[in-house]
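Here's the letter readout for the chains.
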Amino acid sequence: MADTLEFNEIYQEVKGSMNDGRLRLSRQGVIFKNSKTGKVDNIQASELAEGVWRRVALGHGLKLLTKNGHVYKYDGFRESEFDKLSDFFKAHYRLELVEKDLCVKGWNWGTVRFGGELLSFDIGEQPVFEIPLSNVSQCTTGKNEVTLEFHQNDDAEVSLMEVRFYVPPTQEDGVDPVEAFAQNVLSKADVIQATGDAICIFRELQCLTPRGRYDIRIYPTFLHLHGKTFDYKIPYTTVLRLFLLPHKDQRQMFFVISLDPPIKQGQTRYHFLILLFSKDEDISLTLNMNEEEVEKRFEGRLTKNMSGSLYEMVSRVMKALVNRKITVPGNFQGHSGAQCITCSYKASSGLLYPLERGFIYVHKPPVHIRFDEISFVNFARGTTTTRSFDFEIETKQGTQYTFSSIEREEYGKLFDFVNAKKLNIKNRGLKEGMKQSYDEYADSDEDQHDAYLERMKEEGKIREENANDSSDGSGEETDESFNPGEEDDDVAEEFDSNASASSSSGNGDSDRDEKKPAKKAKMAKDRKPRKKQPESKKGKDPNAPKRPMSAYMLWLNANRERIKSDHPGISITDLSKKAGELWKAMAKEKKEEWERKAEDARRDYEKAMKEYSGGGRAESSRGERLKKKKKKQEKQPKGRGERKGAPRAAAATKSPAKSGSESFKSKEFVSSDESSSAESKKEESEDEGGASPPPSSEESASGSD
């Protein structure tokens, strides 16, 4: 026989609510783990007193009674599993699994039996219903009546509020049956009454949820939060987990108490109680118990007189009373050395703590996510800036949590942590061997390909290419404009290009004229890539072969007119719908005929594309390049002629004023002369820059005559 039995989709009945989870039976005992909260109930084999098998609403159920009176009910078994469970109980627990069905007669009178923490209403030997006395919140008596009120469970669709029992009077003297009934109930009921003195009191503690300052009174069975407006009484049985988390500033501490069921204020539910402490605040604490009682109850975990940091005292007392471990951050360290990550959740900024078995976010709203309920995590690009990223978690129930605005520097640390915990990463896909190594029934207390990193690298390359393109065009011009040696020349060129037709002074103009073509040629060369970009986005080559049509489109083109004739006045959209219906209803043989035609068309297209890519495209691209080159050559000489023609024309108009002995060049000769000798350049520079020589005496005399 196997040493363990495991059952999935088993339901535990808790205060009228059926909580689903997993049940495992082993030699050591029975373990049930709640799928929703992760709470683990562990029943030692030595504590089991009785096992009952019976038919219930969800198939068949198992009721376990322990020696200290606790009752556990599990539903969702199949009838065929009885033999397997019965043999297991005999072999490992030495118990007989008893079959006992509930009475369904519908009678409302019978016998009440008290056994441990269970009230059973029986008719004959068969139970009609059972009430765990720990669910009773209040018990009141009347003349011949006893009224029981119950704790409410928010998860239950229908809640039982109260039950009234009529107790007939008896002839026995000195014994009131109503009072005896009530005392039996109250002795086991979970009635919260703030009677007697508190073990200790912590004054004016800062509470983040629920917000405010509260006095915390520690009682043996419950915690009393006393504030200026509200009071809360929290039974220790509702505490799931305790967390002690250091703040990122290293000066404060969070103490988080996870509750199930939560405390209520109107329609608001508080699943977490979060206290904020300063590390510098110290306290001396004296318990309101004598030393013998402290030693007997807490077994050395607490002493009558204690002193230390306030957060240490509160956490120490809570740990001893609740009897649960305190969860602290593990080995994770962020980029700044802190054990948490600053992020935002639901538009509120907070801190995300990666723990050994889950994540917890504080503080508004607080969220705790266990690793065993995570389906996968995802590293996503930030929506507003590239300096941050989002961390998404999706649970097996389909709930998604998005923690946004995480600094990019935290990515490596967080990715390594998630990878070490063997959580599935959505960007990377599911990998073999990524199953968590820890026990699934435990309480929550090699390089892989990084898709997000690769994507970030690609985006970085694209940004660098775009930056290089922009620097090729406008970047060099801006660099030259900031060069102190050439700044004046560049400005002069800008304003002097159109003004060179008029007279100007100095030899600087000739130098500028020599620089102009080189500068313009450089600018034109630099701007080439920028001009090519919009040209590459133009329409397709008209000479390229057309893509082949699908089988459906071939059939539609051949039958469009027939459909129009069969349905006169049909619109285009209705025609498309009708054609789709006809195509779906068409026989497979006819469809195959059109699919063969489509396959032939596809082969012809591929053949044509090979021919086009080999010769046609090269010819067309060569022709386009020749056209572009021709247009460029037509534009370039025209621009230079306008610049150089103006000063030459000005020189020609002034040349008749020179003496006849000097070499004379007419306007026609100057305009047609293509040579660029040093003498012509010198004459042009003198005509443009120097003043005309004074006339000789003979010329002045003849002029006066």
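Residues numbered from 1 in each chain as written. Predicted model: local features only at pLDDT ≥ 70, side-chain atom pairs only at ≥ 80, totals over all residues. Heavy atoms only, no water.

1. Thoughts on the overall build of the protein chain
Stage number 1. If you tally the helices and strands in the protein chain, you get 15 helices and 31 strands.
Stage number 2. Per-residue burial for the protein chain yields a buried fraction of 35% across its 705 residues. (Helix = DSSP H or I, 4+ residues; strand = E, 2+ residues; numbered from the N terminus. Buried < 20%, exposed > 50% of the residue type's maximum accessible area, 1.4 Å probe, protein only.)

2. With respect to unusual backbone geometry
Stage number 1. Cis rather than trans, the peptide bond between T209 and P210 has omega equal to -10°.
Stage number 2. You can see P210 is positioned in the loop between β15 (200-209) and β16 (212-218).
Stage number 3. Omega for the bond connecting D260 with P261 falls within 30 degrees of zero, at 5°, which places this linkage in the cis form.
Stage number 4. Structurally, P261 is set in strand β20 (residues 252-265).
Stage number 5. Of note in the backbone geometry, R94 takes a positive phi value of approximately 55° without being a glycine.

3. Quick notes on the sheet that holds strand β10 (residues 118-123)
Stage number 1. One open sheet holds the 3 strands; their spatial order is β9-β10-β11, and the pairing between them is antiparallel. Of all strands in the sheet, those with a lone pairing partner are β9 (111-115) and β11 (126-132), marking the two edges. Looking at each pair of strands side by side, their axes are set apart by 25° on average, direction ignored.
Stage number 2. Examined bridge by bridge, β9 and β10 share 5 bridges and lie antiparallel to one another. When the sheet's bridge partners are listed, G115 is paired in β10 with L118.
Stage number 3. Lying on the sheet, helix α2 (residues 177-186) is in contact with β9 and β10; it crosses β9 at an angle near 35°. (Pairing = 2+ DSSP bridges. Axes fitted to C-alpha atoms, helices over the stretch in contact; angles between N-to-C directions. Contact = heavy atoms within 4.5 Å.)

4. A closer look at α2
Stage number 1. Listed in full, the buried residues belonging to α2 are V178, F181, A182 and V185. For α2, the arc enclosing every buried residue in end-on projection is 95°, short of the 170-degree limit, so these residues lie on one face.
Stage number 2. As for α2, its buried residues are in contact with β9, β10, β12 (136-141), β13 (145-150) and β14 (162-166).
Stage number 3. Between the side-chain oxygen at the start of α2 and the backbone nitrogen of V178 there is a gap of 3.2 Å, and the oxygen is on D176. (Arc of directions from axis to C-beta. Polar contact = N/O pair within 3.5 Å; in protein donor to acceptor, adjacent residues only side chain to side chain.)

5. What to know about the sheet that holds strand β8 (residues 97-99)
Stage number 1. Spatial ordering of the open sheet is given by β4-β3-β2-β1-β7-β6-β5-β8, a layout of 8 strands whose pairing is mixed. Edge positions in the sheet fall to β4 (40-44) and β8, since each has one partner strand and no second. For this sheet, the mean angle separating the axes of adjacent strands, direction not counted, is 30°.
Stage number 2. Here strand β5 (residues 48-56) runs beside strand β6 (residues 59-66); their pairing, made up of 8 bridges, is antiparallel.

6. Describing the packing of aromatic side chains
Stage number 1. Per the stated rule, a full pass over the model turns up 31 aromatic pairs.
Stage number 2. Aromatic side chains F32 and Y74 sit 5.3 Å apart centroid to centroid with 40° between the ring planes, which places their arrangement in the tilted category. Highlighted residues: F32 in strand β3 (residues 29-34) and Y74 in strand β7 (residues 71-77), separated in sequence by 42 residues.
Stage number 3. Measuring from ring centre to ring centre gives 6.1 Å for F379 and F389, while their planes differ by 40°; the resulting arrangement is tilted. Taken together, the residues F379 in strand β29 (residues 374-381) and F389 in strand β30 (residues 388-395) connect sequence positions 10 residues apart. The exposure classification of F379 matches that of F389, with both residues buried. (Phe/Tyr/Trp six-rings, centres within 6.5 Å; stacked < 30°, edge-to-face > 60°.)

7. What to know about the nonpolar core
Stage number 1. Core analysis: the largest hydrophobic core is formed by 40 residues, its most contacted members being F202, I218, L223, F255, V314, V317 and M318.
Stage number 2. Take this core: its biggest share by element is 9 residues, from helix α4 (residues 310-322).
Stage number 3. Apart from residues no more than four positions distant in its own chain, V317 is found in contact with C200, F202, I218, L285, L302 and M306.
Stage number 4. Judged by nonpolar contacts, the second largest core, of 26 residues, contains L352, F359, F391 and I406. (Core = buried A, V, L, I, M, F, W, Y, C linked by side-chain atoms within 4.5 Å.)

8. Section: the state of the cysteines
Stage number 1. A complete count under the given rule lists 0 disulfides for this structure.
Stage number 2. Here C340 stays free of any disulfide, with the sulfur of C343 as its closest cysteine sulfur at 9.1 Å. (Disulfide = S-S within 2.5 Å.)

9. Some details on the environment of Q333
Stage number 1. Mapped onto the elements of the fold, Q333 is located in the loop between β24 (326-327) and β25 (341-345).
Stage number 2. By relative accessible area, Q333 is classed as partly exposed at 47%.
Stage number 3. For the pair Q333 and L414, spaced 81 residues apart in sequence, the C-alpha to C-alpha distance is 8.9 Å.
Stage number 4. Ignoring any residue separated from it by four or fewer positions in sequence, one finds Q333 in contact with A338 and K413.

10. Overview of the side chain of T66
Stage number 1. Looking at the element boundaries, T66 is found in strand β6.
Stage number 2. A distance of 2.4 Å separates the side chain of T66 from the side chain of N68, its partner in a polar contact.
Stage number 3. For T66, the residues in contact, after removing those within four places along its chain, are I43, E47, A49 and Y72.

11. Comments concerning the confidence of the model for the protein chain
Stage number 1. Averaged over all residues, the pLDDT of the protein chain equals 75, while 69% of them reach at least 70.
Stage number 2. Per-element averaging of pLDDT across the protein chain places helix α7 (residues 487-496) at the bottom with 42 and strand β27 (residues 358-362) at the top with 93.
Stage number 3. Under a pLDDT of 50 for its full length, residues 531-537 has, in the predicted model, 2 contacts with residues more than four places off or in other chains.
Stage number 4. For the stretch residues 638-686, pLDDT sits under 50, and the model shows 29 contacts to residues farther than four places along the chain or on other chains. (pLDDT = per-residue confidence, 0-100.)

12. Considering a negative patch on the surface
Stage number 1. A contiguous patch of negative charge on the surface is contributed by E79, D83, D87, E99 and D101.
Stage number 2. Tracing the backbone through its elements, the reader meets E99 in strand β8.
Stage number 3. For E99, a relative accessible area of 58% gives the class exposed. (Patch = residues over 30% accessible without salt bridge, like charges linked within 9 Å, V, L, I, M, F, W, Y side chains within 5 Å. Areas by Shrake-Rupley, 256 points an atom, 1.4 Å probe, with all protein chains shown as cover. Salt bridge = Lys/Arg side-chain N within 4 Å of Asp/Glu carboxyl O. Lys, Arg positive; Asp, Glu negative; His and termini not counted. Charge placed at Lys NZ, Arg CZ, Asp CG, Glu CD.)

13. As for the pattern of salt bridges
Stage number 1. Counted by the stated rule, this structure contains 19 salt bridges.
Stage number 2. Among the ionic pairs, E130 bridges to R54, the shortest N-O distance being 3.3 Å. Note that E130 is positioned in strand β11 and R54 in strand β5, a separation of 76 residues in sequence. For the pair E130 and R54, one class covers both residues: buried.
Stage number 3. R164 is the partner of E162 in a salt bridge, and the nearest nitrogen-oxygen pair spans 3.3 Å.
Stage number 4. Classification of E162 as partly exposed rests on a relative accessible area of 36%.
Stage number 5. For R164, a relative accessible area of 55% puts it in the exposed group.

14. Structural notes on the pairing of β4
Stage number 1. Here β3 pairs with β4 via 5 bridges, running antiparallel. Bridge assignment links I31 to a residue of β4, and that residue is N42.
Stage number 2. The turn joining β3 and β4, which pair antiparallel and follow one another in sequence, is formed by 5 residues; a positive phi near 80° is taken by G38.

15. Focus: the environment of I425
Stage number 1. By the element assignment, I425 lies in the loop between α5 (411-420) and α6 (451-481).
Stage number 2. Spatially, the C-alpha atom of I425 lies 5.0 Å from that of V377, the residues being 48 residues apart in sequence.
Stage number 3. If near-sequence neighbours (up to four positions away) are discounted, I425 is found in contact with V377, F379, F415 and V418.

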